[in-house]
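# Results of the structural survey
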Amino acid sequence: MADSAEGAGPAPAPEAESAEGAGPAAAPKAGSPKGAGSALTRRGLLIGIGAAGGAGAMYAAMGALGLAPSDQDKQFTAPRRGDFTLRGKGSAKVVILGAGVAGLTAAYELGKAGYDCTLLEARQQAGGRNLTLRGGDRLTELNGPAQDVRFGQGVYFNAGPGRIAPWMVALDYCRELGIPIETFVNNNAAAYVHTNGRTVRARTARADMYGYVAELLAKATDLGALDKVITGEDRDRLLEFLRRFGDLGPKLEYEGSERRGFTRYPALDGGAALPAPGTLHQVLAAGTGRAITNDFGYEQATPMFQPVGGMDAIVTKLQEAVGADRIRTGAKVTKITNLADGVEVAYTGGVVKADYCIATLPPHLLARIPHNLGAQVTAALATPVPVAAGKIGLEYGTRWWELEDRIYGGVTETDLDITHIWYPSHDYHAERGLLVGYYNTGSAAELYGALTPEDRRHRALTQGKKIHGEKYRRDLLSSASIAWERQEHIQGAWVRWPSFDSSFTLLQRPAGRVYFAGDWLTHLIAWQAGAMESARGAVTGLHQRVLQSP
Ligand code: PHE
């Protein structure tokens, strides 16, 4: 869904400022006297190293200075029991609202220092949106029928999060908790692109688009159209690159390329070629742009990863570490009261009094719970807009996408209302398998969400058939679908902030003794990593406060 992620936060921020200007100690603006030895700044130093040793040396130096983008040090130190010993005080009691990824992470980190945490979870199980469905599960829905999941042994459906980028802290938790991970194939040249009623392999769509773009630019360059903006040497370098980028012919023409793939791949003979590419006009008119740039974003770039056996391994392991007895399920919060010396939280099963509270519920639901944190807090909580998203898991008795289409994992991108089809990145060559028949957001998700489970499946099959043909119905064993906006106590897939304004920053600070946490309080909305980073932030703030309190 990297497609502008309909609703995953506001448009991505412009590229982060280049490392040299980052940080409060940033160098003076350009124009400051060069080589003014007295003011040796990081930028000045790097420019010097760059001039003397080239980019490689400069980059290495940046690494040493902690500026290189490979530096993933988030500077989080988990609270430790030892933090208290010299200060002669003990840890505190904390009530955590919500046992999703944010709540569990907070409890896990606080638990390392012996904090006494109680988690109140309105749903019947912990995990929140980290939900993996298996045979025997029952999925209920607001204003809709319940679904009994009938998948076979070993088959699972990650109904919520499904992929993790390697730079994300979610992967650190997998390591720390001993959760085995495997590659999630987010980009597969053999998957399809279906736009404007036509289906082609992703490799073909890319080769044609890159080819023609390269040809146009190469011709413009060759005709001298860029002479005012590039030097003759750079023109040659650019042409050299464009030949490779587009696989251009000697006359800088795109005439198709083996990169497009084959009808029959080469072996003893040279194989059978695909029909020739369409014209430039046809390729442009096919509208494959979104589909073939889907993984260009930093969140979606390959490789990505998934826990072996289902995303909910993260929940299971966090829950184990926290202690299941600390989590009260079916506990719906009804009132939050900030007191001078603590917090009181009323819920459907009673009242919890604690020193501090971390509220991780979705903001639009928190906003409706009576509290004494002030009108500004309520208004801020009501600011982010919930976004709908849905998925369907289609279980088949054969893995025809592997056997017949030679698709091993990856995503087919479409301009249909199903938006994406995900093929499983695990258990290759097994007998059965489950693919995600739609993963959509916004109005398409609402449209599917409003249907009965049977009608969702029917519609998903009708759409998928346009890509895969009749076999899309063949061997279908069972299905299960989720509409996140209809999940009780969640009511949205994620939220979108109209802008990351003062409401956002207000809630990043505690209101009295109540802290807030969740992916919705980060720039990593719709990622578990957001929930985890936010939980770490709240834990850090809370722990500092406890250590400093008289
Ligand atoms: N994390 C979700 C996904 O990978 C939603 C998302 C998509 C968020 C793209 C940001 C960018 O599908």
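Residues numbered from 1 in each chain as written. Predicted model: local features only at pLDDT ≥ 70, side-chain atom pairs only at ≥ 80, totals over all residues. Heavy atoms only, no water.

### Quick look at the overall build of the protein
A tally of helices and strands in the protein yields 16 helices and 25 strands. Residue pairs at least 24 apart in sequence account for 69% of intrachain contacts in the protein once pairs closer than 6 positions are excluded. (Helix = DSSP H or I, 4+ residues; strand = E, 2+ residues; numbered from the N terminus. Contact = heavy atoms within 4.5 Å.)

### Concerning a nonpolar patch on the surface
A surface patch of nonpolar side chains, amounting to about 250 Å² of accessible area, comprises V213, F241 and F245. If you trace the backbone, V213 turns up in helix α5 (residues 202–222). (Patch = residues over 30% accessible without salt bridge, like charges linked within 9 Å, V, L, I, M, F, W, Y side chains within 5 Å. Areas by Shrake-Rupley, 256 points an atom, 1.4 Å probe, with all protein chains shown as cover. Salt bridge = Lys/Arg side-chain N within 4 Å of Asp/Glu carboxyl O.)

### Here's the deal with the pattern of salt bridges
Scanning the entire structure with this criterion turns up 26 salt bridges. Residue R134 pairs with D312 through a salt bridge whose shortest N-O separation is 2.8 Å. You can see R134 sitting in strand β3 (residues 132–134) and its partner D312 sitting in the loop between β12 (304–307) and α9 (313–322), a full 178 residues away along the chain. The exposure class assigned to R134 is partly exposed, which follows from its relative accessible area of 29%. As a salt-bridge pair, E404 and R474 come within 3.2 Å of each other at their nearest N and O atoms. In this pair, E404 sits in the loop between α12 (400–403) and β20 (410–414) while R474 sits in the loop between α14 (453–468) and β23 (476–483), placing the two residues 70 residues apart along the sequence. Note on R474: relative accessible area 41%, which makes it partly exposed. Salt bridges linked by common partners bring E109, K112 and E176 together as one network. (Buried < 20%, exposed > 50% of the residue type's maximum accessible area, 1.4 Å probe, protein only.)

### Section: the sheet that holds strand β14 (residues 333–338)
With antiparallel pairing, the three strands of this open sheet are ordered in space as β14-β15-β16. The sheet is open, and its two edges are formed by β14 and β16 (350–354), each paired on a single side. With direction set aside, neighbouring strand axes in the sheet form an average angle of 15°. In the sheet, strand β15 (residues 343–347) pairs with β16 via five bridges, with the strands oriented antiparallel. (Pairing = 2+ DSSP bridges. Axes fitted to C-alpha atoms, helices over the stretch in contact; angles between N-to-C directions.)

### A short note on the sheet that holds strand β17 (residues 356–359)
If you trace the five strands from one edge of the open sheet to the other, you get β13-β2-β1-β17-β25, paired in parallel fashion. Lying at the two open borders of the sheet, with one neighbouring strand each, are β13 (327–328) and β25 (514–516). The pairing of strand β1 (residues 93–97) with strand β2 (residues 116–120) spans five bridges and is parallel. Across the sheet, residue I96 finds its bridge partner in β2, namely L119. Against the sheet, helix α16 (residues 528–548) contacts β1, β17 and β25, and its axis sits at roughly 155° relative to β25.

### A look at the side chain of T195
Examined against the element boundaries, T195 turns out to sit in strand β8 (residues 192–195). A relative accessible area of 7% means that T195 is categorised as buried. Among the polar contacts listed, one links the side chain of T195 to the backbone oxygen of A286, at a separation of 2.6 Å. Apart from the residues lying within four places of it in its own chain, the contact partners of T195 are A286, G287, T288 and D415. (Polar contact = N/O pair within 3.5 Å; in protein donor to acceptor, adjacent residues only side chain to side chain.)

### Quick word on unusual backbone geometry
Residues other than glycine predominantly adopt negative phi, and peptide bonds predominantly adopt the trans conformation. Backbone torsion omega between T302 and P303 reads -5°, so that peptide bond is classified as cis. Counting through the fold element by element, P303 comes out in the loop between α8 (289–292) and β12. One non-glycine residue with positive phi stands out, namely D475, at about 65°. Here D475 is to be found in the loop between α14 and β23.

### Observations regarding the packing of helix α13 (residues 442–449) against α14
How two helices sit against one another is set out by the angle between their axes and by the gap between those axes. Between α13 and α14, whose axes approach to 9 Å, the crossing angle comes to 130°. Taken together, the axis directions place α13 and α14 in an arrangement best described as oblique. Contact residues: L447, Y448 and G449 in α13; R456, R459, A460 and Q463 in α14. Its residues assigned to classes, the contact of α13 with α14 comprises three nonpolar, two polar and two charged. (Parallel < 35°, antiparallel > 145°, perpendicular 65-115°, else oblique. Nonpolar A, V, L, I, M, F, W, Y, C, P; charged D, E, K, R; others polar.)

### Looking at the confidence of the model for the protein
Predicted coordinates in areas of low pLDDT are best not read in detail. The pLDDT averaged across the protein works out to 90; a share of 87% of its residues lies at or above 70. At the level of individual helices and strands, the protein shows its lowest average pLDDT in helix α1 (residues 42–64), which scores 48, and its highest in β3, which scores 99. Residue range residues 1–50 is modelled with pLDDT below 50. Its contacts to residues more than four positions away, or to other chains, number 56 contacts. Contacts for the low-pLDDT stretch residues 62–66, under 50 throughout, to residues beyond four places or in other chains number eight contacts. (pLDDT = per-residue confidence, 0-100.)

### Overview of the pairing of strand β9 (residues 198–201)
Sheet topology places β8 next to β9; four bridges connect them, and they run antiparallel. Within β9, the position partnered with Y192 by the bridge is R201. Two successive antiparallel strands, β8 and β9, enclose a turn made up of two residues, where N196 displays a positive phi of approximately 50°.

### Re the packing of aromatic side chains
This model, assessed by the stated rule, comprises 19 aromatic pairs. Between Y396 and W400, the ring centres sit 5.4 Å apart and the planes meet at 90°, which makes this aromatic pair edge-to-face. Pairwise contacts between aromatic rings join Y396, W400, W401 and Y472 into one cluster. If you follow R459 out to its NZ or CZ, it ends over the ring of Y448, 5.5 Å from the centre. Over the aromatic face of Y356 sits the side chain of R513, whose NZ or CZ is 4.9 Å from the ring centroid. (Phe/Tyr/Trp six-rings, centres within 6.5 Å; stacked < 30°, edge-to-face > 60°. Lys NZ or Arg CZ within 6 Å of the ring centre and 35° of its normal.)

### Some remarks on the packing of α5 against helix α6 (residues 232–246)
Contact geometry for α5 and α6: axes closest at 8 Å, N-to-C directions at 160°. The pairing of α5 with α6 is recorded here as roughly antiparallel in orientation. In this structure, α5 meets α6 at a crossing whose hand is left-handed. Contacts between α5 and α6 involve Y210, G211, A214, L217, A218, T221 and D222 from the former and R235, L238, L239, L242, F245 and G246 from the latter. (Left-handed = near helix turned anticlockwise from the far one by under 90°.)

### Focus: the nonpolar core
In this structure, L97, Y115, I358 and F516 are the most contacted members of the largest nonpolar core, which totals 104 residues. Broken down by element, the residue count for this core peaks at nine residues, all from α16. The contacts of Y115, once residues within four sequence positions are left out, are P79, F84, S91, A92, V94, L110, R326, L542, H543 and V546. (Core = buried A, V, L, I, M, F, W, Y, C linked by side-chain atoms within 4.5 Å.)

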